[in-house]
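Structural characterization, general
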Amino acid sequence: MAAKTLCAYYDHSCDSRALFADLEIAGDASFEKHLNKYPVIYLDMTAFVARFKDDGIVGKIQQKLKKDVLMAYPQIQVDDDDDLMETLVAIYGETGQKFIMIIDEWDAICREFKPGTGAMDSYVNWLRRMFKEVNANNVFAAVYMTGILPIKKYKKAVSTGLPESALNNFREYSMVEPGKLAKYFGFTKEEVKALAEKDGADFDELVKWYDGYQIGDEPSMFNPNSVMEAISRGRCRSYWASTGAFDAVTHYINMNFDGLKDDIIRMLAGGRAKVNPTKFQNDMSIITCRDDVLTVLIHLGYLSYDWVKSECYIPNREVAGEMENAIEANNWTPVVDALRASEQLLQAVLDGDAVTVAKGVDAAHDENTSILSYNDENSLACVLSLAFYYAKNDYVFHRELPTGRGFADLVLMPRKKSDRPAILLELKKDQSANAAIEQIHNRQYQGKVAQYDGQVILVGINYDTKSKKHACTIEEYPGFGLR
């Protein structure tokens, strides 16, 4: 989307003013300066990777680009063995015209060809030839490249012995380091709200399915493609296309580096995982630790990254569904069983069936002991969130929601347009389920909880550390706003 928008803006072979007239850029002082002023070379790397699988792929790219360029400048005389850069230098020398070059998915070769192959070496050398040689600043007014991964560090610098990039003269913006471009990585909440009002879409459903990305300093970003698909089709669902890149990553998830599997389970339950993205070498063929896997998932958009806390998390319902598919493909049977059982557990709460709820929490606890210390109440709350995973379709989860006096361990507030009752769950250890219910009664709820005047279900759960069993008490309540 961004690459083709730039093509339309810069391309001197068309008049694209009408496309931008009602957009913010039209009010910028530089708008007229660059609009339709440059010849644009557009290269879609995925198209070449799909057609050419051998080490001669870079030669094919050069050959076809040179042919296209010379068709636009038939008066330019070059030798048959001149490469693309020599051709562009000749055109610049004759016309003084600088080019804009846009490469879409520049890293497609890096993902499809193994490191150390002839194709990879040729590609890296070609990139250096095009963009780091002395004539590059004369030939190009700008070069813009998109890709899944940040620019790989290909070799060691002689001076420092540290890896350096073949393209270190580019300014790079990534999911981890988006800089000032963060707000352009997706749709903002205000933009989605305007789209929903314009097209009569359900904004709250769009939030549930596609919001949740924190990119740089932008706290609430949406997946643009999914939003537009949902609006055009009139239905929110997962429009995430399965990619070979993620298929490869599922292999590393299953290897469970340093408790990675536990982190995935914790994030499915609504929690977060610490991550250090600086270790990643920007190469999906070099995955050596859990941080590498989590960083790849951030770049692919399967996790959101909070740079302030150095934490990652699953952003929304769409991505959570893809994670469910991934763990099912990796045969994480206990987790899959727990997710499937969560629908019955929610229904048991709504039916007031305390015995079934206690047994369901027992099962969820037993099946996910790897992420738990049985005497850790926070871990128990995490398992409880996982046990009620299905409820996320109709509820907004609040872990440790502040009240007038302390915290409620887990609050499930019904989403707008849902006819479900609110659910408050209080956890106790080595006390009693009735004590948990009493604690809920003794608290003064504030904020959104206090304003809610619909039906409320109170759920008290106690964990006995000796028997390793749970007890449950369920009460119906008229609503906080009526107290």
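Residues numbered from 1 in each chain as written. Predicted model: local features only at pLDDT ≥ 70, side-chain atom pairs only at ≥ 80, totals over all residues. Heavy atoms only, no water.

Moving on, we come to the overall build of the chain. Each helix and strand counted, the chain has 21 helices and 16 strands in total. The buried share of the chain, reckoned over its 483 residues, is 49%. Partitioning the intrachain contacts of the chain with sequence separation of at least 6 by distance along the chain shows that 62% fall at a separation of at least 24. When the accessible surface of the chain is totalled, it reaches about 23,800 Å², and 48% of it is carbon and sulfur. (Helix = DSSP H or I, 4+ residues; strand = E, 2+ residues; numbered from the N terminus. Buried < 20%, exposed > 50% of the residue type's maximum accessible area, 1.4 Å probe, protein only. Contact = heavy atoms within 4.5 Å. Areas by Shrake-Rupley, 256 points an atom, 1.4 Å probe, with all protein chains shown as cover.)

Nonpolar side chains collect at one region of the surface, where Tyr173, Leu181 and Tyr184 lie side by side and expose about 300 Å² of accessible area between them. With respect to the element layout, leucine 181 can be found in the loop between β5 (163-165) and β6 (187-188). Residue leucine 181 is classed as partly exposed on the basis of its relative accessible area of 32%. (Patch = residues over 30% accessible without salt bridge, like charges linked within 9 Å, V, L, I, M, F, W, Y side chains within 5 Å. Salt bridge = Lys/Arg side-chain N within 4 Å of Asp/Glu carboxyl O.)

For the rest of this paragraph, the subject is the nonpolar core. By size, the foremost hydrophobic cluster in this structure holds 44 residues, and its most contacted members are Ile264, Val293, Leu297 and Leu303. Those residues in contact with isoleucine 264 that lie beyond four places of it in its chain are Ile253, Leu297, Ile327 and Trp332. Core analysis: the second largest hydrophobic core is formed by 39 residues, Phe48, Val69, Ile91 and Ala108 among them. (Core = buried A, V, L, I, M, F, W, Y, C linked by side-chain atoms within 4.5 Å.)

Turning our eyes to something else, we now look at the confidence of the model for the chain. Predicted confidence across the chain gives a mean pLDDT of 85, with 88% of residues reaching 70 or more. This stretch, residues 402-408, has a pLDDT under 50; its non-local contacts, to residues over four places away or in other chains, come to 24 contacts. (pLDDT = per-residue confidence, 0-100.)

Strand order in the open sheet made by the three strands is β6-β8-β7, with antiparallel pairing throughout. Strand pairing shows two members of the sheet lacking a second neighbour, β6 and β7 (213-215), which therefore form its edges. Both β6 and strand β8 (residues 218-222) contribute to a ladder of two bridges, which runs antiparallel. Following the sheet pairing, phenylalanine 187 is matched in β8 by phenylalanine 222. (Pairing = 2+ DSSP bridges.)

Residues Asp79, Asp80, Asp81 and Glu86 make up a contiguous surface patch of negative charge. In this structure, aspartate 81 sits in the loop between α5 (57-72) and α6 (84-95). (Lys, Arg positive; Asp, Glu negative; His and termini not counted. Charge placed at Lys NZ, Arg CZ, Asp CG, Glu CD.)

What follows covers the sheet that holds strand β11 (residues 311-313). Pairing is antiparallel across the open sheet formed by three strands, whose spatial order is β9-β11-β10. Of all the strands in the sheet, just β9 (273-274) and β10 (304-306) have a single pairing partner and so form its edges. When β9 meets β11, the two strands line up antiparallel, connected through two bridges. Paired with alanine 273 across the strands is cysteine 312, a residue of β11.

This part takes up the pattern of salt bridges. Using the criterion set out here, one finds 17 salt bridges in the structure. Across the pair glutamate 205 and lysine 208 runs a salt bridge, and its minimum N-O distance is 3.3 Å. Separated by three residues within a single helix, glutamate 205 and lysine 208 lie in helix α11 (residues 203-210), roughly one turn from each other. Exposure remark for glutamate 205: the relative accessible area of 27% places this residue in the partly exposed category.

Right, let's get into the pairing of strand β15 (residues 456-464). Counted residue by residue, β15 has eight buried out of nine residues, so it is predominantly covered. Of the strand pairs in this sheet, strand β14 (residues 422-429) and β15 are connected by eight bridges, and their pairing is parallel. By the bridge assignment for β15, alanine 422 is matched with valine 456. Where β15 folds back on strand β16 (residues 469-477), the antiparallel hairpin that results is connected by four residues, among which lysine 468 adopts a positive phi of roughly 55°.

Where helix α12 (residues 224-233) is concerned, the buried positions are Pro224, Ser226, Val227, Ala230 and Ile231. Considered in projection along α12, the buried side chains sweep an arc of 170° and stay on one side of the axis. In α12, the exposed positions that point more than 90 degrees away from the buried face belong to Ser232 and Arg233. Against the buried residues of α12 lie β6, α10 (189-199), α11, β8 and α16 (317-329). Sitting at the head of α12, asparagine 223 places a side-chain oxygen 3.2 Å from the backbone nitrogen of asparagine 225. Backbone geometry just after α12 places glycine 234 at a positive phi near 70°. (Arc of directions from axis to C-beta. Polar contact = N/O pair within 3.5 Å; in protein donor to acceptor, adjacent residues only side chain to side chain.)

Before going further, it helps to examine the packing of aromatic side chains. Under the definition given, this model contains 10 aromatic pairs. A centroid spacing of 4.9 Å and a plane angle of 70° characterise the contact between tyrosine 9 and tyrosine 10, whose relative ring orientation is edge-to-face. We classify tyrosine 9 as buried; its relative accessible area is 6%. Taken together through their ring pairs, the aromatic side chains of Tyr9, Tyr10, Phe20, Phe31 and Tyr38 make up a single cluster. Residue placement shows lysine 392 over the ring face of phenylalanine 397; its charged tip is 5.5 Å from the ring centre. (Phe/Tyr/Trp six-rings, centres within 6.5 Å; stacked < 30°, edge-to-face > 60°. Lys NZ or Arg CZ within 6 Å of the ring centre and 35° of its normal.)

For the pair α6 and helix α8 (residues 118-131), interaxial distance at closest approach is 9 Å and the crossing angle is 10°. Taken together, the axes of α6 and α8 are roughly parallel relative to one another. For the pair α6 and α8, the sense of crossing is right-handed. Contacts from Leu84, Met85, Glu86 and Leu88 in α6 reach Trp126, Arg129 and Met130 in α8. Class assignment of the residues belonging to the contact of α6 with α8 gives a composition of five nonpolar, no polar and two charged. (Axes fitted to C-alpha atoms, helices over the stretch in contact; angles between N-to-C directions. Parallel < 35°, antiparallel > 145°, perpendicular 65-115°, else oblique. Left-handed = near helix turned anticlockwise from the far one by under 90°. Nonpolar A, V, L, I, M, F, W, Y, C, P; charged D, E, K, R; others polar.)

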